[in-house]
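# Report on the structure
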Amino acid sequence: MSEYPTITLSDVHAALAYYFENRERIDADIRDGERFVEQMKAKAPPSLVQEKLRQRNGNAADDSIPS
């Protein structure tokens, strides 16, 4: 906790208590956010790095960048 001197132990306990009282809703929100990110990635055009790799290698199948 020395990295976050303004956060007290009681703050941590309160955050954990809130999470466990609202776990289903919070976890659902996290899953919704992850799905949204995947949808945006699927819609996005290739990055400049991916394009350069395709040009260099001539084979797009081998140029995927891990998430």
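### Overview of the overall build of the protein
For the protein, the helix and strand inventory stands at three helices and zero strands. Counting from the amino terminus, helix and strand elements in the protein follow one another as α-α-α. With 67 residues in all, the protein has 1% of them scored as buried.

### A few points about the confidence of the model for the protein
Residues of the protein with pLDDT of at least 70 account for 85%, and the chain-wide mean is 88. At the low end of the mean pLDDT range in the protein sits helix 3 (residues 48-57), at 87; at the high end sits helix 1 (residues 9-21), at 97.

### As for the pattern of salt bridges
Side-chain pairs of opposite charge can arise where the charged atoms are in close proximity. In total, this model carries four salt bridges according to the counting rule given. Taking the shortest distance from any N to any O, the salt bridge between Arg 35 and Asp 32 comes out at 2.5 Å. Of this pair, Arg 35 and Asp 32 both sit in helix 2 (residues 23-43), three residues apart, which is roughly one turn of the helix. Given a relative accessible area of 47%, Arg 35 falls into the partly exposed group. A salt bridge links Glu 38 to Lys 41, with the nearest nitrogen and oxygen atoms 3.9 Å apart. Placement of both Glu 38 and Lys 41 in helix 2 is noted, with a separation of three residues, approximately one turn of the helix.

### Quick word on helix 3
In terms of burial, helix 3 is largely open, as just zero of its ten residues are buried. One or two positions beyond helix 3, positive phi appears at Gly 58, with a value near 70°.

### Focus on a nonpolar patch on the surface
On the surface, Phe 36, Val 37 and Met 40 cluster together to form a nonpolar patch covering roughly 260 Å² of accessible area. Take Phe 36: its relative accessible area is 47%, and that puts it in the partly exposed class.

### Describing the packing of helix 1 against helix 2
Between helix 1 and helix 2, the shortest axis-to-axis distance is 5 Å and the interhelical angle comes to 85°. Considered as vectors, helix 1 and helix 2 are oriented roughly perpendicular to each other. For the pair helix 1 and helix 2, the contacting residues are Tyr 18, Tyr 19, Phe 20 and Glu 21 in the first and Arg 23, Arg 25, Ile 26 and Asp 27 in the second. Here the contact of helix 1 with helix 2 is composed, by residue class, of four nonpolar, no polar and four charged.

About the cut-offs
Residues numbered from 1 in each chain as written. Predicted model: local features only at pLDDT ≥ 70, side-chain atom pairs only at ≥ 80, totals over all residues. Heavy atoms only, no water. Helix = DSSP H or I, 4+ residues; strand = E, 2+ residues; numbered from the N terminus. Buried < 20%, exposed > 50% of the residue type's maximum accessible area, 1.4 Å probe, protein only. pLDDT = per-residue confidence, 0-100. Salt bridge = Lys/Arg side-chain N within 4 Å of Asp/Glu carboxyl O. Patch = residues over 30% accessible without salt bridge, like charges linked within 9 Å, V, L, I, M, F, W, Y side chains within 5 Å. Areas by Shrake-Rupley, 256 points an atom, 1.4 Å probe, with all protein chains shown as cover. Axes fitted to C-alpha atoms, helices over the stretch in contact; angles between N-to-C directions. Parallel < 35°, antiparallel > 145°, perpendicular 65-115°, else oblique. Contact = heavy atoms within 4.5 Å. Nonpolar A, V, L, I, M, F, W, Y, C, P; charged D, E, K, R; others polar.

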